[in-house]
Amino acid sequence: MLSSFVAKRLVTGMCQAVWRPAFAGMVSSRGYKGEAPDDNKADLIEIPLPPWVEKTDEPINIKRRRLLYESRKRGMLENCILLSLFAKRYLNTMTDSQLQQYDRLINEPSNDWDIYYWATEAQPTPEVYQGEVMEMLKEFTKNKNQEQRLDAPSLEYLEKEIQ
């Protein structure tokens, strides 16, 4: 007669053998494909974004505040830092036309990486976004004064402007 220890090991081994192929099949069918050569990207989901609509009747002080907020709250840290520092330096001195260009630049493209690549001149800027503000952003991005840009600015400077 088999000891209870041997019997338990035998039953456990049989159960694991029965469940293992089914479990392994589930994992491999749901696993990450990555950049596999046979990946046809059919499983990619593109989420449609609503089209950008210019706010024409917005008061200029509200527009500046909204653009400051939108410059700080980006989809990626690099743009959060870059655009919030750019907004701190230039937003309060921009004309209506420049504010309109900046609004379109940071809100119309659906991919924040595009804005980053255009600002760093890693990719050519589409004609629709070319303009005075884009040139200002490109120059700002070059950081000719070699400022330390590790974080978005605190908002304390706004309190000083109000007083």
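Presented here is a report on the structure given in the accompanying data block. The structure displayed is predicted, hence computed values, not measured ones. (Residues numbered from 1 in each chain as written. Predicted model: local features only at pLDDT ≥ 70, side-chain atom pairs only at ≥ 80, totals over all residues. Heavy atoms only, no water.)

### Examining the overall build of the protein
As a reminder, the rule being used: Secondary structure elements follow DSSP: runs of H or I of four or more residues count as helices, runs of E of two or more count as strands, with numbering from the N terminus. Under the scheme applied here, a residue whose accessible area is under 20% of the maximum for its type counts as buried, over 50% as exposed, and between as partly exposed, the area being computed with a 1.4 Å probe on protein chains only. A contact between two residues is defined here by any heavy atoms of the two lying within 4.5 Å.
Helix and strand content of the protein: seven helices and zero strands. Secondary structure of the protein in N-to-C order comes out as α-α-α-α-α-α-α. With 163 residues in all, the protein has 30% of them scored as buried. Taking all contacts inside the protein whose residues are at least 6 apart in sequence as the whole, residues at least 24 apart take part in 63%.

### Some details on the side chain of Asp-103
The residue Asp-103 is located in helix H4 (residues 96-107) in this model. Not counting residues up to four positions away in its chain, the partners in contact with Asp-103 are Trp-52, Lys-63, Arg-66, Leu-67, Glu-70 and Glu-108.

### A closer look at the side chain of Thr-125
Test applied: In the analysis that follows, any N or O atom pair within 3.5 Å is treated as a polar contact, provided that within protein one partner can donate a hydrogen and the other can accept it, and provided that, for residues neighboring in sequence, both atoms belong to side chains.
Tracing the backbone shows Thr-125 in the loop between helix H5 (112-119) and helix H6 (132-142). On the accessibility criterion, Thr-125 (10% relative accessible area) is buried. Among the polar contacts made by the side chain of Thr-125, one reaches the side chain of Lys-138 at a distance of 3.2 Å.

### Some details on the layout of surface pockets
The condition is simple: Site definitions follow a grid-based scheme: protein atoms alone, a 1 Å grid, a 1.4 Å probe that fits but cannot get out for cavities, and for pockets an open set with protein on both sides within 12 Å along at least five of seven lines, plus lining residues having an atom within 4 Å of a point. Grid points are joined across faces, edges and corners, and a volume is the space filled by probe spheres set on the points. We call Asp, Glu, Lys and Arg charged. Ala, Val, Leu, Ile, Met, Phe, Trp, Tyr, Cys and Pro are nonpolar, and the rest, Gly among them, are polar.
Roughly 220 Å³ of internal volume is contained in the second largest pocket. In this structure, the second largest pocket is lined by 13 residues; those nearest its centre are Pro-50, Pro-51, Trp-52, Asn-107 and Glu-108. Of all elements in the fold, only helix H2 (60-72) and H4 reach the threshold of two or more residues within the lining of the second largest pocket. Of the residues that constitute the lining of the second largest pocket, the class distribution is six nonpolar, two polar and five charged.

### Concerning the environment of Pro-109
Tracing the backbone shows Pro-109 in the loop between H4 and H5. Through-space distance from the C-alpha of Pro-109 to that of Trp-52 is 8.5 Å; in sequence the pair is 57 residues apart.

### Describing H2
Note the following rule: A helix is expected to span 1.5 Å for every residue after the first.
Over its 13 residues, H2 extends 18 Å from the first C-alpha to the last, a length consistent with the 18 Å expected when each residue adds 1.5 Å. Among all positions in H2, only Lys-63, Arg-64, Arg-66, Leu-67, Leu-68, Glu-70, Ser-71 and Arg-72 are buried.

### Details of the environment of Glu-135
Structurally, Glu-135 is set in helix H6. On the basis of relative accessible area, Glu-135 is assigned to the partly exposed category, the value being 40%. Spatially, the C-alpha atoms of Glu-135 and Ala-119 are 8.4 Å apart, while their sequence positions differ by 16 residues.

### Looking at the packing of aromatic side chains
Just so we agree on the cut-off: The pairing test for Phe, Tyr and Trp rings, Trp by its six-membered ring, is centres within 6.5 Å, and the orientation test on the planes gives stacked under 30 degrees, edge-to-face over 60, and tilted for anything in between.
Under the definition given, this model contains eight aromatic pairs. With centroids separated by 5.0 Å and ring planes inclined at 45°, the aromatic side chains of Phe-86 and Tyr-90 adopt a geometry described as tilted. Placement of both Phe-86 and Tyr-90 in helix H3 (residues 77-90) is noted, with a separation of four residues, approximately one turn of the helix. Aromatic rings pair up to connect Phe-86, Tyr-90, Tyr-102 and Phe-140 into one cluster.

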